[in-house]
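# Architecture and fold: a report
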Amino acid sequence: MYIPKHFRVNEEESIYDSIEKYSFATLFSQHNGEPYATHLPLTLNRFENVLYGHFGRQNEQWRDIEKQQVLVVFQGPHCYISPTWYETSKAVPTWNYVSIHLYGEVEIVDNPNVIFNSLNDMVNKYEKADSSYNLKDVDSKFIEGMSKGIVAFKIDITKIEAKAKLSQNHPIERQELVIKHLENTSNQDNLQIASLMKKNLQKYK
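Bringing the sheet that holds strand E4 (residues 50-56) into the picture now. Paired through their backbone hydrogen bonds, the strands of a sheet run either parallel or antiparallel. Strand order in the open sheet made by the 7 strands is E2-E1-E5-E6-E7-E4-E3, with antiparallel pairing throughout. The strands lining the two open edges of the sheet, one partner per strand, are strand E2 (34-41) and strand E3 (43-45). Between one strand axis and the next, the sheet turns through 35° on average, direction left out of account. Sitting on the sheet, helix H2 (residues 112-126) is in contact with E2, E3, E4, strand E6 (94-109) and strand E7 (150-165), with an inclination near 95° to E4.

In C-alpha cells, the structure reads:
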C-alpha cells in the first residue's frame, strides 16, 4: 500500500485496536490462477499474532489458499472532504480514511476444539454484553453438524501496513475547519473521521 510519511501509522496498539474495531475484512488470495476475494469477519489473537476466521465450505477459495501469502484489508471510516471547507479557493476535493493491510500465511484448521473456540470468540465479540445467547449452551450435536459446513483457518501475520489519511499534510487551522464541517453532520463516518482528526491534533498542542 502506498503510504506517504504523513499518513503512516506505527503505533502497534492503535493498529490492533483498529483491526478489532473494523473487523469485517476482505481476504484476497490467488484462486485458480486469478485474484479472488471474500468478505468476512475475522478475530485477532494478539498473543498468538494470528487472525482466525472461516469460509463457507462451498466457497472454494479455501481449496488452494493454504501456504499462500494472502492480503487482508480492514477498512475503517472514510469520508469526502470538500474544498469549500478550506480558507482558500486553491484546493481540490479529497478523501480521508483509515485502512490497514495485513499480510500472512494461511493454515487450514481441523482441530474441533480450536474451531469451536474461534467461533465462540467471534460470537462473544459481536453479541452484546447482556445477550442471553451463548454458543456453549447450544446442543453440541447441532454445532458439530453446522461446523461441517465451514472451513476454519488461521492467518499467521507476517506484515502489517496501516494508513490514516486525516489531512495531516494541511495546516492545523485548515484541519480544524474540516473537523468543524464534519462534526456538523449526522453521518457516522464523518463523525468518526472528525474524532480521529481531533485526537491526532492533540499531538501538536
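Turning our eyes to something else, we now look at unusual backbone geometry. Its identity as a non-glycine residue notwithstanding, Asn 32 has a phi of 55°, on the positive side. Here Asn 32 lies in the loop between strand E1 (24-31) and E2. Phi at Asn 49 takes a positive value of approximately 60°, unusual for a residue other than glycine. Structurally, Asn 49 can be placed in the loop between E3 and E4.

Here the largest pocket defines a volume of roughly 680 Å³. Among the secondary structure elements, those contributing two or more residues to the lining of the largest pocket are helix H1 (12-21), E6, E7 and helix H5 (188-201). The residue makeup of the lining of the largest pocket, split by class, is 11 nonpolar, 8 polar and 7 charged. Looking at the second largest pocket, it is lined by 15 residues, and the ones nearest its centre are Asp 110, Pro 112, Ile 115, Ser 147 and Lys 148.

A few words now on the pairing of E6. Here strand E5 (residues 69-81) runs beside E6; their pairing, made up of 11 bridges, is antiparallel. Considered in E6, the bridge of Ile 81 is made with Thr 94. Bridging between E6 and E7 involves 13 bridges; their strand directions are antiparallel. Residue pairing for E7: Ser 99 is matched across the bridge by Lys 163.

Before going further, it helps to spend a moment on the pairing of E2. Two strands pair when backbone bridges link them, and E1 and E2 are joined in this way by 8 bridges, in the antiparallel orientation. Opposite Ala 25, over in E2, you have Leu 40 as the bridge partner. Connecting the antiparallel pair E1 and E2 is a turn made up of 2 residues, with Asn 32 showing a positive phi of about 55°.

Tallied over the full model, the rule gives 8 salt bridges. Across the salt bridge formed by Glu 13 and Arg 46, the nearest N and O atoms sit 3.0 Å from each other. Linking Glu 13 in helix H1 with Arg 46 in the loop between E3 and E4, this pair joins segments that are 33 residues apart in sequence. Take Arg 46: its relative accessible area is 30%, and that puts it in the partly exposed class. Across the pair Arg 46 and Asp 17 runs a salt bridge whose closest N-O atoms are separated by 2.7 Å.

Attention shifts here to the packing of aromatic side chains. All chains considered together, the criterion is met by 2 aromatic pairs. Taking the centre distance of 6.0 Å and the plane angle of 65° together, the rings of Tyr 80 and Trp 95 count as edge-to-face. Residue Tyr 80 is found in strand E5, and its partner Trp 95 is found in strand E6; the two are separated by 15 residues along the sequence. Judged by its relative accessible area of 40%, Tyr 80 is partly exposed. Overall, the relative accessible area of 41% leaves Trp 95 in the partly exposed class. Over the ring of Tyr 126 we find Lys 125; its NZ or CZ atom is 5.5 Å from the centre of that ring. Stacked on the ring of Tyr 86, the Lys or Arg Arg 174 has its end atom at 4.9 Å from the ring centre.

Quick notes on the rules
- Residues numbered from 1 in each chain as written.
- Predicted model: local features only at pLDDT ≥ 70, side-chain atom pairs only at ≥ 80, totals over all residues.
- Heavy atoms only, no water.
- Pairing = 2+ DSSP bridges.
- Helix = DSSP H or I, 4+ residues; strand = E, 2+ residues; numbered from the N terminus.
- Axes fitted to C-alpha atoms, helices over the stretch in contact; angles between N-to-C directions.
- Contact = heavy atoms within 4.5 Å.
- 1 Å grid on protein atoms, 1.4 Å probe; cavity = no way out; pocket = protein on both sides within 12 Å on 5 of 7 lines; lining within 4 Å.
- Points joined across faces, edges and corners; volume = space filled by probe spheres on them.
- Nonpolar A, V, L, I, M, F, W, Y, C, P; charged D, E, K, R; others polar.
- Salt bridge = Lys/Arg side-chain N within 4 Å of Asp/Glu carboxyl O.
- Buried < 20%, exposed > 50% of the residue type's maximum accessible area, 1.4 Å probe, protein only.
- Phe/Tyr/Trp six-rings, centres within 6.5 Å; stacked < 30°, edge-to-face > 60°.
- Lys NZ or Arg CZ within 6 Å of the ring centre and 35° of its normal.

Taken by themselves, the reported measurements are silent on function.
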